[in-house]
Amino acid sequence: MSTQTDMRKVLITGTAGFIGFHLAKLLLAEGFRVKGYDGMTDYYDVTLKQRRHSMLLQNPNFSAKEGMLEDQASFDALADEFQPDVIVHLAAQAGVRYSLENPRAYIDANVIGTFNVMEAARRLDVKHLLMASTSSVYGANEEMPFTETEKADTQLTIYAATKKANESMGHSYAHLWDLPTTMFRFFTVYGTWGRPDLALYKFVDAILDDRPINIYNQGDMYRDFTYVDDLVRGIRLLIDAVPERPATRDDIPKWDSLSPAAPFRVVNIGNSEKVRLLDFVDAIEEALGKKAVRNYMEMQMGDVPATWADATLLQELTSYRPRTDYKDGIAKFVAWFREYYGK
Ligand SMILES: NC(=O)c1ccc[n+]([C@@H]2O[C@H](COP(=O)([O-])OP(=O)(O)OC[C@H]3O[C@@H](n4cnc5c(N)ncnc54)[C@H](O)[C@@H]3O)[C@@H](O)[C@H]2O)c1
């Protein structure tokens with residue numbers, strides 16, 4: 001597709017992470033220049049992060065710096081040197097469950113860290129700032145599918161709360177400094193090079209090692225599983241969908257979350273398909289050709305029974321919506337996992 005020629009230099013935070021790696025790979029394949037920034041935190045296996053980075057470094061249009069978001073001087077030095085047209089901010093302390101154990105990590109990385117990224121974006125007057133939020137901000141909302149225009153004020157974990165805070169912070173900067181800003185609400189992303197702390201990875205690993213898998217809420221949970229290739233395709237297309245401050249409220253279509261006060265919008269990126277956890281486990285067993293030892297558990301604190309995205313806004317903005325069937329996505333993940341770990 002055609003790309004605006006003034007939007008070719010993209011700074012991505014979290015390039016050693018799952019989604020940042022896939023996004024960088026896609027943008028490099030399309031001829032963008034990409035600068036990465038990642039703190040290589042030990043929240044999960046650092047070797048996996050290093051391998052992702054070394055794959056990206058094979059492309060001469062990619063370079064990266066190791067550093068924490070909280071280290072403002074380090075981030076500023078990188079941003080000043082690179083002079084990005086666009087910043088995609090994905091680095092974060094992720095994970096719903098870990099936020100019960102170590103809430104401070106979320107405040108540091110997601111609140112302070114995101115503030116530092118926003119400050120650099122403002123100072124350098126980037127053409128578009130895009131930042132990761134999460135479907136977890138819908139919290140206790142029950143109306144499904146989740147739409148961006150509905151109220152989302154009932155976050156159930158500090159992880160979700162920091163991401164909702166990022167949305168508010170982003171809105172204020174978009175308004176004050178005329179900084180076009182898009183926030184993504186991602187829905188349960190999975191795929192090759194995936195995160196070891198997420199269910200698919202844990203299930204596949206345990207089943208292959210004959211360990212039991214923990215299935216919460218007796219498996220009566222639903223997730224909108226989004227394949228990572230679809231997700232980064234959505235991000236890539238949204239880079240060109242730069243929000244503009246509307247002249248009047250009446251200019252905003254009903255389906256658009258565009259702020260009446262600022263060049264700012266929130267966009268769901270999800271598959272728009274609610275999959276039952278037990279069906280997901282069945283598909284993993286099928287892809288592995290092996291049955292799981294199932295350990296049925298109660299619902300975990302902070303978890304929600306279901307997520308389901310309305311992807312109308314993404315489609316209106318980009319003419320694209322994720323489509324990968326979860327059985328196909330699981331098969332691709334299993335093939336990668338077996339090859340990567342030689343299992
Ligand atoms: N994967 C999902 O299902 C999902 C769902 C919703 C939202 N998200 C959001 O998407 C973004 C990317 O998630 P991911 O799945 O790729 O996670 P990830 O953990 O694989 O990647 C995040 C990267 O950020 C880096 N990082 C963490 N804290 C840092 C800090 N303080 N300073 C510098 N670097 C730091 C980590 O080293 C890691 O490489 C995150 O903002 C996450 O909250 C992910």
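About the thresholds
Residues numbered from 1 in each chain as written. Predicted model: local features only at pLDDT ≥ 70, side-chain atom pairs only at ≥ 80, totals over all residues. Heavy atoms only, no water. Helix = DSSP H or I, 4+ residues; strand = E, 2+ residues; numbered from the N terminus. Rg over C-alpha atoms; globule rule 2.2 N^0.38 Å. Buried < 20%, exposed > 50% of the residue type's maximum accessible area, 1.4 Å probe, protein only. Contact = heavy atoms within 4.5 Å. Areas by Shrake-Rupley, 256 points an atom, 1.4 Å probe, with all protein chains shown as cover. Lys, Arg positive; Asp, Glu negative; His and termini not counted. Charge placed at Lys NZ, Arg CZ, Asp CG, Glu CD. Salt bridge = Lys/Arg side-chain N within 4 Å of Asp/Glu carboxyl O. UniProt positions renumbered as here; feature names shortened; annotations may be inferred. Pairing = 2+ DSSP bridges. Axes fitted to C-alpha atoms, helices over the stretch in contact; angles between N-to-C directions. Phe/Tyr/Trp six-rings, centres within 6.5 Å; stacked < 30°, edge-to-face > 60°. Lys NZ or Arg CZ within 6 Å of the ring centre and 35° of its normal. Right-handed = clockwise from strand over helix to strand, strands pointing away. Near = heavy atom within 4 Å.

(A) Quick peek at the overall build of the chain. Counting secondary structure elements, the chain contains 11 helices and 13 strands. In terms of overall size, the chain behaves like a compact globule, its C-alpha atoms giving a radius of gyration of 19 Å where 343 residues would be expected to give roughly 20 Å. The principal-axis extent of the C-alpha atoms belonging to the chain is close to 55 × 45 × 40 Å. By the burial criterion, 56% of the 343 residues in the chain qualify as buried. Long-range pairs, those at least 24 residues apart, make up 81% of the contacts in the chain between residues at least 6 apart in sequence. Carbon and sulfur atoms provide 49% of the accessible area of the chain, an area that totals close to 14,500 Å². A gap of 2 Å separates the mean positions of the 39 positive and 48 negative side-chain charges of the chain.

(B) Quick look at the pattern of salt bridges. Applying the stated criterion to the full structure yields 24 salt bridges. Note that Arg233 is salt-bridged to Glu30, the shortest N-O span being 3.2 Å. One end of the pair, Arg233, is in helix H8 (residues 228–239); the other, Glu30, is in the loop between helix H1 (18–29) and strand E2 (33–38), with 203 residues separating them in the sequence. Between Arg211 and Asp209 there is a salt bridge, with its nearest N and O atoms 3.4 Å apart. By relative accessible area, Asp209 is classed as partly exposed at 36%. It is possible to trace a salt-bridge network through shared partners that takes in Glu30, Arg233, Arg236 and Asp240.

(C) Molecular detail of the UniProt feature "domain: NAD-dependent epimerase/dehydratase" (unreviewed entry) in the chain. Within this numbering scheme, the UniProt entry marks residues 10–242 as carrying the feature "domain: NAD-dependent epimerase/dehydratase" (unreviewed entry). Split by type, residues 10–242 is 44% helix and 18% strand. Its first and last C-alpha atoms lie 14 Å apart.

(D) Up close: the sheet that holds strand E1 (residues 9–13). Overall, parallel pairing links the seven strands, which are arranged E3-E2-E1-E4-E5-E6-E11 in an open sheet. What marks the edges here is a single partner per strand, and that holds for strand E3 (62–66) and strand E11 (264–269). Each adjacent strand pair in this sheet contributes to an overall mean axis angle of 20 degrees, direction not counted. Inspection of the sheet shows strand E6 (residues 181–186) paired to E11 by six bridges, in the parallel sense. The residue of E11 that forms the bridge with Phe186 is Ile269. Of the strands in this sheet, strand E5 (128–134), E6 and E11 touch helix H6 (residues 158–177), which is tilted by about 155 degrees from E5.

(E) Main features of the packing of aromatic side chains. Inspection of the entire model under this criterion finds 29 aromatic pairs. Look at Phe115 and Tyr173: their rings are 6.4 Å apart centre to centre, the planes differ by 75 degrees, and that puts the pair in the edge-to-face class. Of this pair, Phe115 sits in helix H5 (residues 103–124) while Tyr173 sits in helix H6, placing them 58 residues apart in sequence. A relative accessible area of 36% means that Phe115 is categorised as partly exposed. Linked through ring pairs, Phe21, Trp193, Tyr201, Phe333, Trp336, Phe337, Tyr340 and Tyr341 together constitute an aromatic cluster. Seen from the ring of Tyr44, Lys49 lies directly overhead, with NZ or CZ sitting 4.5 Å from the centre. Taking the ring centre of Trp177 as reference, the NZ or CZ of Arg122 above it sits at 4.8 Å.

(F) Spotlight on the pairing of E3. Across five bridges, the pairing between E2 and E3 is parallel. Note that in E3 the partner of Tyr37 across the bridge is Lys65. For the crossover that starts at E2, traverses helix H2 (residues 46–56) and ends in the parallel E3, the hand is right-handed.

(G) Geometry of the site of the ligand. As a structural note, the neighbourhood of the ligand is formed by 29 residues, with Ile19, Asp38, Tyr44, Tyr159 and Lys163 the closest of them. Here the ligand has 820 Å² of accessible area as a free molecule, and 96% of this is covered by the chains. Sorting the residues of the shell around the ligand by element identifies H1, E5 and H6 as the ones contributing at least two each. With three residues, the single largest contributor to the shell around the ligand is E5.

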